[in-house]
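Breakdown of the fold
So the chains spell out like this:
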Amino acid sequence: MDPVDTTGLAEPFLRTQLESLGLAVEYVRAEGDTLYRRGDDGGELPVLDLVGGFGATILGHHHPEVTALAKELLAAQVPVHAQFSLHPYAEAVARRLNDILHRETGDPGPYRAVFANSGAEAVEAAVKHAELDRGSKAAALRARIDESVARARRAVRDGARLSETARRLAEGGDFEALAAAVGDANRARAEEPPVLLALTGGFHGKLVGSVQLTHNPVVREPFRALATPCRFVPAGDPEALAAVIAEERRTLLGLSVSDLGVSSGTDSGGTDPSVSGGVVDVVEHRLPRLCALVLEPVQGEGGVRPLTAGYLREVQRICAEADCPIVVDEVQSGMGRTGTFLAGSAVGLRGDYYVLAKSLGGGLAKAAVMLVHHSRHRPEFELLHSSTYAKDAFSTLIAARTLDLLEADGGALYRRAAERGERILTRLAGVRDDFKDVVVDVRGRGLMIGLELRDQADSSSPVLRELSRADVLGYAAAGYLLHAHALRVFPTASATTTLRIEPSVRITDAQIDQAETGLRALCELLRAQDGERLLSR
Ligand code: F0G
């Protein structure tokens, strides 16, 4: 038997992958948009960080005020663990978020907040809550139906007769045959699993539940059996959403009693229990089956793809009609990155739920939150769901300071995100125009930008061909940019030819120049089909 390799214990396979792509470097310090890597001589080499913690550093690494606050909190021995006690700082964050949501969406809310430690955890909290709400509504409907059956039974005893439809359902039997048929039909329908909807290209995390909402089959499929699979609808196609919702529509049967001999045939469920005589009829009630539709206003990990206002308007109309709550995942796009606090508010999106994480912790703390509109809020959720570190004073106070910084000077940071983003986008559009043969597209909003490289599967360079076919061209480009231009860029994991550019609001003109120079050099090299240089270190 071969001896077990004990040289690498912390994700050693990932390390070998990084090594093969030239990405196995150690960063020893971070400040603003710069990460310092350890050089061969042990000294520090600055690298311009355009990855920004996958969107976690809207304020940059170690924003001086955030870092100073963290030091103060530790010095003051602020309790990190005081579960099941009052958390006024969490209340303050929730209040601040409500003010911002109200301002941006026009919805006065309030939204109730449940805190978490990571994006995936907060997404799962939102989905769990939505399922609690759906299940409770379904149970209430079944209870109402049971009452309607009891009422009809009394009416029949008092001389009511069965309608044509009711007699058919009872297959010629009496009222008890009808009640049994209604019960059987409802049991089968109510036992069907709930329906979760998400969009193609979406990313919502990688935990057992949230990975089922993440479209990329490579990361989702192996774990399919562990959670209810969701239905993916094509992003940008409202008719497809409407069709799926229509397909998933189910009704439960109830009974109505009418003294006019006319079936009400409606969903109202309201009949007068005092009526005697009359006609017992069968009515259908829409079963709450749709747990939620989860979406990102700007799809991040799936290739930086903003959803349009027109599409989102239709999505909202369709979901409102079907009573399907919308979970707006602003984990990556939120916190001002696209020029407004919520990316969705710029395109008129209003959610029943919002999820925030990443930059909420100011680039320092692990903070996340899900917000649920009061009209759907279930108080009992707060006793059913918990997480040891969530809502702790340290992370919540850091989140509060982060919100203060974003909101300061009438939202100067949002304007700066839009301005910096516009500048980068314009420069990259210039690169695209000069290199149409190697750049497919440049897109994004604010500081959430993607540059899509052309696939090189048919390249004249065997190296480029091989990299492209192995789906690692973007990573090899990242290795080249790191070593040749001290630039840290990564492709989006579900669209690996798109380089993601998500710096902080602190990025300088000189740094934008550096990024453009590096990307132009990359394009030159691809145009020259120089695979060897892409891999040379
Ligand atoms: N939702 C969105 C929109 C995300 O982009 C991410 C993570 C998550 C949820 C999960 O958050 O990692 O804190 O659990 N996105 C990273 C990325 C991984 O590469 O874009 P998490």
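Residues numbered from 1 in each chain as written. Predicted model: local features only at pLDDT ≥ 70, side-chain atom pairs only at ≥ 80, totals over all residues. Heavy atoms only, no water.

Another point: the packing of aromatic side chains. All told, the structure shown has 4 aromatic pairs when counted by the stated rule. Each ring, one from Phe54 and one from Phe490, has its centre 6.5 Å from the other, and the planes form 35°; the classification is tilted. Remark: Phe490 occurs in strand β19 (residues 490-492) and Phe54 occurs in helix α2 (residues 52-55); sequence separation between them is 436 residues. Phe54 sits in the partly exposed class, given a relative accessible area of 39%. Here Phe490 falls in the buried class, since its relative accessible area comes to 16%. Ring geometry for Tyr475 against Phe490: centres 6.4 Å apart, planes inclined by 50°, an arrangement best described as tilted. You can see Tyr475 sitting in helix α14 (residues 473-485) and its partner Phe490 sitting in strand β19, a full 15 residues away along the chain. Residue classification places Tyr475 among the partly exposed positions, given a relative accessible area of 22%. Members of the aromatic cluster, each reached through a chain of ring pairs, are Phe54, Tyr475 and Phe490. (Phe/Tyr/Trp six-rings, centres within 6.5 Å; stacked < 30°, edge-to-face > 60°. Helix = DSSP H or I, 4+ residues; strand = E, 2+ residues; numbered from the N terminus. Buried < 20%, exposed > 50% of the residue type's maximum accessible area, 1.4 Å probe, protein only.)

This brings us to the nonpolar core. In terms of nonpolar packing, the biggest core is built from 92 residues, with Phe341 and Leu522 touching the most fellow members. The biggest single contributor to this core is helix α12 (residues 393-434), with 14 residues. The residues touching Phe341, leaving out its near neighbours within four places in the chain, are Leu97, Ile100, Glu104, Ser333, Gly334, Met335, Gly336, Leu356, Leu403, Leu406 and Tyr414. (Core = buried A, V, L, I, M, F, W, Y, C linked by side-chain atoms within 4.5 Å. Contact = heavy atoms within 4.5 Å.)

Locating Asp471 in the fold gives a position in the loop between α13 (462-469) and α14. A relative accessible area of 48% places Asp471 in the partly exposed class. Spatially, the C-alpha atom of Asp471 lies 59 Å from that of Ser148, the residues being 323 residues apart in sequence.

Here the largest pocket defines a volume of roughly 1,400 Å³. Every residue lining the largest pocket is counted, 50 residues in all, and those nearest its centre are Phe54, Lys206, Glu301, Tyr475 and Ala493. Breaking the lining of the largest pocket down by element, the ones donating at least two residues are α1 (12-20), α2, α5 (119-157), α8 (217-220), α14, β18 (487-488), β19 and β20 (495-501). Counting residues per element, the lining of the largest pocket draws most heavily on α1, at 4 residues. Broken down by class, the residue content of the lining of the largest pocket amounts to 29 nonpolar, 12 polar and 9 charged. Three or more residues apiece are contributed to the lining of the largest pocket by two domains, here domain 1 (1-82 + 409-537) and domain 2 (92-384). Roughly 980 Å³ of volume is contained in the second largest pocket. Lining of the second largest pocket is provided by 36 residues; of these, Ala113, Val114, Phe115, Glu382 and Lys391 occupy positions nearest its centre. Listed by contribution, the elements that provide at least two residues to the lining of the second largest pocket are α4 (88-105), β4 (111-116) and α11 (381-384). A total of 9 residues in the lining of the second largest pocket trace back to one element, the largest contributor, which is α4. Its residues placed into classes, the lining of the second largest pocket shows 19 nonpolar, 10 polar and 7 charged. (1 Å grid on protein atoms, 1.4 Å probe; cavity = no way out; pocket = protein on both sides within 12 Å on 5 of 7 lines; lining within 4 Å. Points joined across faces, edges and corners; volume = space filled by probe spheres on them. Nonpolar A, V, L, I, M, F, W, Y, C, P; charged D, E, K, R; others polar. Domains from an automatic or database assignment.)

Let us now look at the site of the ligand. Neighbouring the ligand are 14 residues, the closest being Gly119, Ala120, Asp329, Gln332 and Arg500. Computed on the free molecule, the ligand has an accessible area of 480 Å², of which 82% lies beneath the protein chains in the complex. Judged by the fraction of its atoms near the pocket grid, the ligand is located in the largest pocket. Counted by class, the shell around the ligand contains 4 nonpolar, 5 polar and 5 charged residues. (Near = heavy atom within 4 Å. Areas by Shrake-Rupley, 256 points an atom, 1.4 Å probe, with all protein chains shown as cover. Sits in = over half its atoms within 2 Å of the grid points.)

For the rest of this paragraph, the subject is the side chain of Asp329. Within the secondary structure, Asp329 sits in strand β13 (residues 326-329). Lys358 provides the closest opposite charge to the buried, unpaired Asp329, separated from it by 8.5 Å. Among the polar contacts listed, one links the side chain of Asp329 to the side chain of His204, at a separation of 2.7 Å. Look past the residues within four positions of Asp329 in its chain and what remains in contact with it is Val123, Phe203, His204, Leu295, Glu296, Pro297 and Val355. (Lys, Arg positive; Asp, Glu negative; His and termini not counted. Salt bridge = Lys/Arg side-chain N within 4 Å of Asp/Glu carboxyl O. Polar contact = N/O pair within 3.5 Å; in protein donor to acceptor, adjacent residues only side chain to side chain.)

Across all of its chains, the model carries 0 disulfides by this definition. No disulfide involves Cys291; its sulfur sits 8.1 Å from that of Cys324, the nearest cysteine. Accessibility expressed as a relative area gives 3% for Cys291, which makes it buried. (Disulfide = S-S within 2.5 Å.)

This brings us to the pairing of strand β16 (residues 439-445). For β16 and strand β17 (residues 448-453), the ladder comprises 6 bridges, and the chain directions are antiparallel. Across the sheet, residue Arg445 finds its bridge partner in β17, namely Met448. Counting the residues that bridge the hairpin from β16 to β17 gives 2 residues, and of these Gly446 lies at a positive phi of roughly 55°. (Pairing = 2+ DSSP bridges.)

A few words on the pattern of salt bridges. With the rule as written, the count across this model stands at 42 salt bridges. When the shortest N-O distance is used, the salt bridge between Asp404 and Arg96 registers 2.5 Å. Remark: Arg96 occurs in helix α4 and Asp404 occurs in helix α12; sequence separation between them is 308 residues. The partly exposed category is assigned to Arg96, whose relative accessible area is 28%. When the shortest N-O distance is used, the salt bridge between Glu192 and Arg289 registers 3.5 Å. Of this pair, Glu192 sits in the loop between α7 (175-190) and β6 (195-199) while Arg289 is found in the loop between β9 (279-286) and β10 (290-295), placing the two residues 97 residues apart along the sequence. On the basis of relative accessible area, Glu192 is assigned to the partly exposed category, the value being 28%. Take Arg289: its relative accessible area is 5%, and that puts it in the buried class. Connected through salt bridges with shared partners, the residues Asp133, Lys137, Asp323, Asp352, Arg376 and Arg378 form a single ionic network.

Looking at where His129 falls in the secondary structure, it is placed in helix α5. Excluding residues that lie within four positions of it along the chain, His129 makes contacts with Tyr353, Met370, Val372, Arg376, His377, Arg378 and Phe381.

Okay, the domain arrangement of the protein chain next. The domains assigned to the protein chain are domain 1 (1-82 + 409-537) and domain 2 (92-384). Taking the mean C-alpha position of each, domain 1 and domain 2 sit 38 Å from one another. Buried area between domain 1 and domain 2, summed over both chains or domains, comes out near 2,400 Å², and the portion from carbon and sulfur atoms is 55%. When the buried surface of domain 1 facing domain 2 is broken down by residue, Tyr414, Arg445 and Met448 rank first, second and third, together holding 34% of it. For the interface between domain 1 and domain 2, the tally reads 2 salt bridges. One salt bridge connects Glu502 with Arg337, and the closest N-O pair in it is separated by 3.7 Å. If you look at where domain 1 meets domain 2, you find 14 residue pairs in polar contact (both at pLDDT 80 or more). The set of elements that each furnish at least two residues to the side of domain 1 that touches domain 2 consists of α2, α3 (64-75), α12, β16, β17 and β20. A per-element tally of the side of domain 1 that touches domain 2 places β17 first, with 4 residues. Class assignment of the residues belonging to the side of domain 1 that touches domain 2 gives a composition of 15 nonpolar, 12 polar and 5 charged. (Buried area = accessible area lost by both parts, 1.4 Å probe.)

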